[in-house]
Amino acid sequence: MYSAQRADEEKDEKERESTWENRSKKVKSNEINYNGIEIVDIDVASALSIERKKSIGGDSFMNSEYILEDADTIKEVDWCSFSFLPITRWEKLGESTFCEIYIDKKTQRVYKVVPITMKKNYVKVQHTMVDHFIKECLVMERMNCSEYSTKIYAWYMVNSRYPRELIEISRDWARRNKNQAENIIPQANNSSGLFGVIEMEYGGRELEKLDWSLMTHRDVNMIEDELRKCFYVMNELQVEHRDLHQSNVLVKKNSNGEYSVKTIDYSLARAVIRKEDGDSGSITILQTNSKGVIYKAGPILYTNIDKDLSWLFEGDASTDPHRSIYKKMNRTYTGSNRWRNPGPSNTFWMNYLRTWMESQIGNSTQT
């Protein structure tokens, strides 16, 4: 009985992996309309020999270099349902205002479930815009080059009702974690019916939730050393996290007493993914339909905090110390489209985390 069940599970895993390989794919140039100009139907392999070609849509022209570039950056992601995911093996790991976090009891992989929306804002449940979700996933893929970031294995866009199994799991978690629970019935009021799901590795416990009464200055120094390496690699990859407070750093302590550090949550991050090409946007949603979403990724991925998350600058730093860094970023970054430009935010967050950890040691010593 067990072996048969195990064989079925392995078969399901292989089918999911095979399906995933085909989910995020290039879109042929004749399949979409880009900013009102239909991309010409040509063979990309022979595009270098074509200098200019008139578009089907009218008088606009595109050169072959532009077509080649778009062939690499225009992608389609199909919708799937929750039944595509191994939710029967999930248990709830935690939550935030914007998402639920589950862990697969068999594989120990973590699943972040985020309610998403195309355009509309909803009152009862905070939804993440689709382009923001895609941007976060692409930045995580970029950060797979770093051992100091939680690895992303896959990401999905779900168009189905929130499963009753997960609602029951979350209710049970809320009963056991009354002080932490925010979403007693997670996303029950999700008006869009759409979700983004990130499948990633388990990186450890949040820095904020370590038992600081047992921590020493030596522990802080070891964690700080790992954070310095983390920021060094991040800078080398041309990534700014822009939201690296104590809840977005995961920590593990191994058997010989050494610490490993991994970062999560790239919803505010900026990342350079290819050579600059003017002032293009971050993620542009080109088309959505019942099958999926077609998008174009710009060379620089970023979140326009002024437009979408300006409330971050309004918080009380006395109750949420990391709010002071948002405000410092707000004072430091200037100019038009300022969040597209690079800045010193990684340094701000490194200094903040060092000070925050030292304060926790001080507080535990006093008590």
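For the structure, check the block above.
The numbers attached to residues start from 1 for each chain and follow its sequence in the written order. Residue-level local features of this predicted model are given only where pLDDT is at least 70; pairs of side-chain atoms are given and counted only at 80 or more, and the full residue set underlies all totals for whole chains, interfaces and linings. Side-chain descriptors were evaluated using all non-hydrogen atoms of the structure, hydrogens and water having been removed beforehand.

Draft legend 1. Representation of the overall build of the protein in the model. Secondary structure elements are taken from DSSP: a helix is a run of H or I of four residues or more, a strand is a run of E of two residues or more, and numbering for both begins at the N terminus. When you go through the protein residue by residue, the secondary structure sums to 8 helices and 20 strands. The rule is simple: take the accessible area with a 1.4 Å probe, protein chains only, and divide by the maximum for that residue type; under 20% is buried, over 50% is exposed, in between is partly exposed. Relative to its 367 residues, the protein shows a buried fraction of 49%. Note on definitions: a residue-residue contact is assigned when non-hydrogen atoms from the two residues lie within 4.5 Å. A separation threshold of at least 6 residues defines the contact pool for the protein, and within that pool the share at least 24 residues apart is 67%.

Draft legend 2. The arrangement of the sheet that holds strand S16 (residues 259–263) in detail. Strand order in the open sheet made by the 3 strands is S13-S15-S16, with antiparallel pairing throughout. The open sheet is flanked by strand S13 (205–206) and S16, the only strands paired with a single partner. Any two strands are treated as partners once DSSP identifies two or more bridges connecting them. Two elements, S13 and strand S15 (residues 249–253), share 2 bridges in a ladder whose sense is antiparallel. When the bridges of S15 are listed, Glu 206 appears paired with Leu 250. Here helix H5 (residues 217–236) sits on the sheet in contact with S15 and S16, set at roughly 40 degrees to S16. Geometry is summarised by axes, namely lines fitted to C-alpha atoms with helices restricted to the contacting stretch, and by angles between N-to-C directions that run from 0 to 180 degrees.

Draft legend 3. Layout of the environment of Arg 205. Examined against the element boundaries, Arg 205 turns out to sit in strand S13. Once you skip the residues sitting within four places of it in the chain, Arg 205 turns out to touch Leu 210, Asp 211, Val 249, Leu 250 and Val 251.

Draft legend 4. Just the nonpolar core, in detail. Among the buried residues, those of types Ala, Val, Leu, Ile, Met, Phe, Trp, Tyr and Cys that are joined through side-chain atoms within 4.5 Å form a nonpolar core. The biggest cluster of nonpolar side chains holds 70 residues, and the ones touching the most others in it are Ile 134, Trp 155, Met 157, Leu 207, Trp 212 and Ile 223. Start and end positions for the domains come from either an automated domain assignment or a database one. A domain split of this core shows at least three residues from each of domain 1 (76–202) and domain 2 (204–263 + 304–366). If you look at the next biggest cluster of nonpolar residues, it comprises 17 residues, including Leu 85, Tyr 102, Leu 166 and Val 197.

Draft legend 5. Region of interest: the pattern of salt bridges. One speaks of a salt bridge when a side-chain nitrogen belonging to Lys or Arg is within 4 Å of a carboxyl oxygen belonging to Asp or Glu. Taken as a whole and assessed by the stated rule, the structure comprises 19 salt bridges. Across the pair Lys 209 and Glu 206 runs a salt bridge whose closest N-O atoms are separated by 3.9 Å. Under the relative-accessibility criterion, Glu 206 is labelled partly exposed at 24%. Two residues, Asp 306 and Arg 338, come together in a salt bridge whose shortest N-O distance is 2.6 Å. Taken together, the positions of Asp 306 in helix H6 (residues 305–308) and Arg 338 in the loop between helix H7 (323–332) and helix H8 (345–366) put the pair 32 residues apart, joining distant regions of the chain. Exposure remark for Asp 306: the relative accessible area of 34% places this residue in the partly exposed category. Salt bridges sharing common partners tie together Lys 92, Glu 95 and Glu 100.

Draft legend 6. How the structure looks around H7. Burial in H7 covers these residues: Arg 323, Ile 325, Tyr 326 and Met 329. One face of H7 carries all of its buried residues, which in axial projection span an arc of 160 degrees. In this description, one arc is meant: the one made by directions from the helix axis to the C-beta atoms.

Draft legend 7. Structural view of the pairing of strand S19 (residues 292–297). Counting buried residues in S19 gives 6 out of 6 residues, a clear majority hidden from the surface. Both faces of S19 are covered, namely the face carrying Gly 292, Ile 294 and Lys 296 and the face carrying Val 293, Tyr 295 and Ala 297. Judged from the 5 bridges that link them, strand S6 (residues 74–80) and S19 form a sheet pairing that is antiparallel. Bridging across to S19, Asp 78 finds its partner in Gly 292. The turn joining strand S18 (residues 283–288) and S19, which pair antiparallel and follow one another in sequence, is formed by 3 residues.

Draft legend 8. Representation of H5. Here the expected span of a helix is defined as 1.5 Å times the quantity of residues minus one. An ideal rise of 1.5 Å per residue puts 28 Å on 20 residues; H5 measures up with 29 Å between its terminal C-alpha atoms. When H5 is considered as a whole, its buried residues turn out to be Asp 219, Val 220, Met 222, Ile 223, Glu 224, Glu 226, Leu 227, Cys 230, Phe 231 and Met 234.

Draft legend 9. Seen up close, the side chain of His 241. Mapped onto the elements, His 241 comes out in the loop between strand S14 (239–240) and S15. When near neighbours in sequence (up to four residues on either side) are disregarded, His 241 contacts Met 234, Asn 248, Thr 263, Ile 264, Asp 265, Tyr 266, Leu 268, Ala 269 and Asn 346.

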